[in-house]
Amino acid sequence: RKYQAGTGLLCAALAGYGLVPSEYLKYRWRQRGRKRSRDSRMGKRLYLTFDDGPDRVYTGQLLDLLKLHRIQAGFFVVGEFARENPELIRRMKSEGHFIGIHSVSHENALFRGREFIRKDLEDSVEILRNLGCEVSAYRPPWGHLNLWTLYYCQRMKLKLTFWDVMAHDWAARETAGS
């Protein structure tokens, strides 16, 4: 019985620490988007955002396409990839795209501790500052965050940013030509 009670308490604590904040904030984000789309005072807008890059092969092609159609987008970049591809970050910036952070190495922060979260956010911001970018937004990988993420985002004045539609472009069955 003690084991069962302890397991239940541990599960409840973990849910309150990471799962509940993650799911609640994603839900609120979607609701806010739906409310905006119903608001007759606002014109229709579509914000294109891209995560997980920059990628040496595909990001340049994407930037070419966006430039061709005069479209500005948001890029939530992984710090390690940004450091490896500074020319792509400079190009995003010079072409007027929004640049936010998406962690240092795209690790799931759902059940990570305070020091991991602090270091991940600080290092991500520092990498982009060294590349000439002022960072104001953070998109957590997979939308997973915890109470420390909320604390440090507020402390560092980073706006949490989620999404309304997921392309699932990493899945073979979702990609054109598969």
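Residues numbered from 1 in each chain as written. Predicted model: local features only at pLDDT ≥ 70, side-chain atom pairs only at ≥ 80, totals over all residues. Heavy atoms only, no water.

This paragraph deals with the overall build of the protein chain. In terms of regular secondary structure, the protein chain is built from six helices and five strands. For the protein chain, the N- to C-terminal ordering of α and β elements is α-β-α-β-α-α-β-α-β-α-β. Buried residues in the protein chain amount to 37% of all 178 residues. Put simply, 71% of the contacts in the protein chain that link residues at least 6 apart link residues at least 24 apart. (Helix = DSSP H or I, 4+ residues; strand = E, 2+ residues; numbered from the N terminus. Buried < 20%, exposed > 50% of the residue type's maximum accessible area, 1.4 Å probe, protein only. Contact = heavy atoms within 4.5 Å.)

A few words on helix H4 (residues 86-94). For H4, the complete set of buried residues consists of Leu-88, Ile-89 and Met-92. One face of H4 carries all of its buried residues, which in axial projection span an arc of 100°. For H4, the secondary structure elements touched by its buried residues are helix H2 (58-68), strand E2 (74-77), helix H3 (79-84), strand E3 (98-101) and helix H5 (114-130). With its phi angle positive at about 85°, Gly-96 sits one or two positions after the end of H4. (Arc of directions from axis to C-beta.)

On to the pattern of salt bridges, then. Side chains that carry opposite charge are capable of pairing whenever their charged atoms lie near each other. Tallied over the full model, the rule gives eleven salt bridges. The closest approach of N and O atoms between Glu-115 and Arg-118, which form a salt bridge, is 2.5 Å. With a gap of three residues between them, Glu-115 and Arg-118 both fall in helix H5, about one helical turn apart. Put simply, Glu-134 and Arg-129 hold a salt bridge, and the shortest N to O gap is 3.7 Å. (Salt bridge = Lys/Arg side-chain N within 4 Å of Asp/Glu carboxyl O.)

Attention shifts here to H5. The terminal C-alpha atoms of H5, which comprises 17 residues, lie 24 Å apart, in line with the 24 Å expected from a rise of 1.5 Å per residue. Regarding H5, the residues found buried are Ile-117, Asp-120, Leu-121, Ser-124, Val-125, Ile-127 and Leu-128. Down the axis, H5 shows its buried residues gathered within 160° of arc, on one side only. For H5, the elements touching its buried residues are E2, H3, H4, E3, strand E4 (137-138) and helix H6 (147-155). Of the residues trailing H5, Gly-132 is marked for its positive phi of about 85°. (Expected span 1.5 Å × (residues − 1).)

Where H2 meets H4, the axes come as close as 11 Å, and the angle between the chain directions of the two elements is 15°. Classified by the angle between their axes, H2 and H4 sit roughly parallel to one another. The hand of the H2/H4 crossing is left-handed. Packed against H2, whose contacting residues are Thr-59, Gly-60, Leu-63, Asp-64 and Lys-67, the element H4 presents Leu-88, Arg-91 and Met-92 at the interface. (Axes fitted to C-alpha atoms, helices over the stretch in contact; angles between N-to-C directions. Parallel < 35°, antiparallel > 145°, perpendicular 65-115°, else oblique. Left-handed = near helix turned anticlockwise from the far one by under 90°.)

So, on to the packing of aromatic side chains. If you walk through the whole model with that rule in mind, you get six aromatic pairs. An aromatic cluster is defined as three or more aromatic residues linked by ring pairs; in this entry it consists of Trp-148, Tyr-151 and Tyr-152. Its end group placed over the ring of Phe-116, Arg-112 keeps NZ or CZ at 4.0 Å from the ring centre. Sitting above the plane of the Trp-148 ring, Arg-114 keeps its charged end 5.7 Å from the centroid. (Phe/Tyr/Trp six-rings, centres within 6.5 Å; stacked < 30°, edge-to-face > 60°. Lys NZ or Arg CZ within 6 Å of the ring centre and 35° of its normal.)

All we've got here are geometric facts, nothing functional implied.
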